[in-house]
Amino acid sequence: MASPILVQTRDELLEALRALHAKGERLALVPTMGFLHEGHLSLIREGKKRADKVAVTIFVNPTQFGPNEDLDRYPRDLAGDLAKCGEAGAWLVYAPQSPREVYPEGFQTWVQVTELEMGLCGGKRPGHFKGVATVVAKLLGLFRPQLALFGQKDYQQLAVIRRMARDLDLGAWTEIVGMPTVRETDGLAMSSRNAYLSPEERQRALSLKAGLDAAAARYEAGERQAAALLAAARAEVERGADRIDYVELVDADSLRPVERVDGPVCLLVAAFVGKTRLIDNRVLGS
Ligand code: AMP
């Protein structure tokens, strides 16, 4: 497969996009922070099926990291990512050469999805979704893609992005597509942050998925009380994780906590294994 075009400045990107839009080609956008794995590649491959061209962005967005988070040590491998993008059939990779390319001098406009970002990861990582929503709004405005693909692994992020696209009318031109979580063969949700795990931590990280499975088994057996489902999940997560950030059962659309499962709900887990914060989720009742 041909190597994708690499562009590192906004001006170069606009030149490439103008030519593409002039030809009337359908564009799919896959925003990422790089250090790509099969989860990211599944989005690129789906984009290829649904559009003429796929553009991938690789940008470790500083505004979505808190002061004590892993911005400086977030794993990076541009050469490896380009090769993977090529194999998956991407047309172009935009990897801004510095955050200044995205946030120039004087930048002062922010997007906040006020309710959806309040709980879960938004509650534990203040400002995180403000950074996410702002950068994705900018990317949708810049690329004007027919579709943009995101993973359900980041369930709250997908909900925030869908709401933002609807509320700001960016969704009038761009379909937001959510894609299933890609897992390692033993069930661990793929994540660039898995690279931080030691072999021993990697084993204990399976407790997140085990927690979701335990709750799902109780649900399949007829349990509908949130407290019982959450207790089943928590007991498994606690076996492997060093610290639980949250285990919550929420309405699948509003993300508000539920006491009983009466319709589609999502069970979400965030926990630390060693110093690494991992997340996973499972929709029940759909
Ligand atoms: P990230 O580079 O972690 O910001 O992720 C970029 C995109 O890939 C987001 O839409 C994620 O939800 C998606 N993604 C990350 N991990 C997975 C996975 N295991 N399966 C499917 N999509 C994923």
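Because the structure is predicted, anything quoted here is derived from the model rather than measured.

Asker: I'd like a description of the site of the ligand, backed by residues and values.
Answerer: Around the ligand lies a shell of 16 residues, among which M33, H40, D154, V182 and M190 are the nearest. Interatomic distance of 2.6 Å between a side-chain N/O atom of D154 and an oxygen atom of the ligand. Between a nitrogen atom of the ligand and a main-chain N or O atom of V182, the distance comes to 2.8 Å. When residues of the shell around the ligand are traced back to their parent elements, those giving at least two are β2 (27-32), α2 (38-50) and β5 (147-151). Class assignment of the residues belonging to the shell around the ligand gives a composition of 7 nonpolar, 7 polar and 2 charged.

Asker: Describe the domain arrangement of the protein, listing the residues and the values that go with them.
Answerer: Segmenting the protein into domains produces domain 1 (5-179) and domain 2 (192-281). Using C-alpha coordinates to define each centre, domain 1 is positioned 26 Å away from domain 2. Domain 1 puts 21 residues into the contact, and the matching count from domain 2 is 19 residues. Inspection of the domain 1/domain 2 interface yields 2 salt bridges. For D70, the salt bridge is made with R193, and the minimal N-O distance between the two is 2.8 Å. Elements represented by at least two residues in the side of domain 1 that touches domain 2 include exactly α5 (120-124) and α7 (155-167). Looking at the side of domain 1 that touches domain 2 residue by residue, the class counts come to 9 nonpolar, 5 polar and 7 charged.

Asker: So what about the pattern of salt bridges? Which residues, and what values?
Answerer: Tallied over the entire structure, the rule returns 22 salt bridges. Here E25 makes a salt bridge to K53, at a shortest N to O gap of 2.9 Å. Taken as a pair, E25 in the loop between α1 (10-22) and β2 and K53 in strand β3 (residues 53-58) lie far apart in primary sequence, 28 residues in all. For K53, a relative accessible area of 18% puts it in the buried group. Taken together, the shared-partner salt bridges connect E46, K49, R50 and E175 into one network.

Asker: Lay out the sheet that holds strand β7 (residues 243-251) with the relevant residues and their values.
Answerer: Reading across from one edge, β7-β8-β9 is the order of the 3 strands in this open sheet, with antiparallel pairing throughout. Either end of the sheet is taken by a strand with one partner, and the two such strands are β7 and β9 (276-284). When the angles between neighbouring strand axes are averaged without regard to direction, this sheet yields 10°. Sheet analysis places β7 next to strand β8 (residues 265-273), joined by 8 bridges and oriented antiparallel. Opposite Y246, over in β8, you have A270 as the bridge partner. With respect to the sheet, helix α9 (residues 206-220) is in contact with β8 and β9, its orientation differing from that of β9 by roughly 20°. The strands that helix α10 (residues 226-240) touches are β7 and β8; relative to β7, the one it contacts most, it runs at about 150°.

Asker: Requested: an account of α7, with residues and values cited.
Answerer: Here α7 is 13 residues long and its end C-alpha atoms lie 18 Å apart, about the 18 Å a rise of 1.5 Å per residue gives. When α7 is considered as a whole, its buried residues turn out to be Y155, Q156, Q157, L158, A159, V160, I161, M164 and A165. Packing partners of the buried residues in α7 comprise α5, α6 (128-143), β5, β6 (175-179), β8 and β9. Looking one or two residues beyond α7, the residue adopting positive phi is D169, at roughly 65°.

Asker: An account of the packing of aromatic side chains is needed here, citing residue identities and associated values.
Answerer: Applying the stated criterion across every chain yields a total of 6 aromatic pairs. A ring pair is formed by F59 and Y103, whose centres lie 6.4 Å apart and whose planes are at 40°; its orientation type is tilted. Of the two residues, F59 is situated in the loop between β3 and α3 (78-88) and Y103 in the loop between α4 (99-102) and α5; the sequence distance between them amounts to 44 residues. Pair check on accessibility: F59 and Y103 agree, each one buried. Seen from their ring centres, F65 and Y74 are 6.0 Å apart, and the 80° between their planes marks the pair as edge-to-face. Like Y74, F65 is buried. Chaining the aromatic ring pairs together yields one cluster made of F59, Y103, F107 and W110. Just above the ring of Y196 sits the side chain of R73; from NZ or CZ to the centre is 4.2 Å. Over the face of the ring belonging to Y219 we find R224, whose NZ or CZ atom lies 3.8 Å from the ring centre.

What counts, and where the lines are drawn
- Residues numbered from 1 in each chain as written.
- Predicted model: local features only at pLDDT ≥ 70, side-chain atom pairs only at ≥ 80, totals over all residues.
- Heavy atoms only, no water.
- Near = heavy atom within 4 Å.
- Polar contact = N/O pair within 3.5 Å; in protein donor to acceptor, adjacent residues only side chain to side chain.
- Helix = DSSP H or I, 4+ residues; strand = E, 2+ residues; numbered from the N terminus.
- Nonpolar A, V, L, I, M, F, W, Y, C, P; charged D, E, K, R; others polar.
- Domains from an automatic or database assignment.
- Contact = heavy atoms within 4.5 Å.
- Salt bridge = Lys/Arg side-chain N within 4 Å of Asp/Glu carboxyl O.
- Buried < 20%, exposed > 50% of the residue type's maximum accessible area, 1.4 Å probe, protein only.
- Pairing = 2+ DSSP bridges.
- Axes fitted to C-alpha atoms, helices over the stretch in contact; angles between N-to-C directions.
- Expected span 1.5 Å × (residues − 1).
- Phe/Tyr/Trp six-rings, centres within 6.5 Å; stacked < 30°, edge-to-face > 60°.
- Lys NZ or Arg CZ within 6 Å of the ring centre and 35° of its normal.

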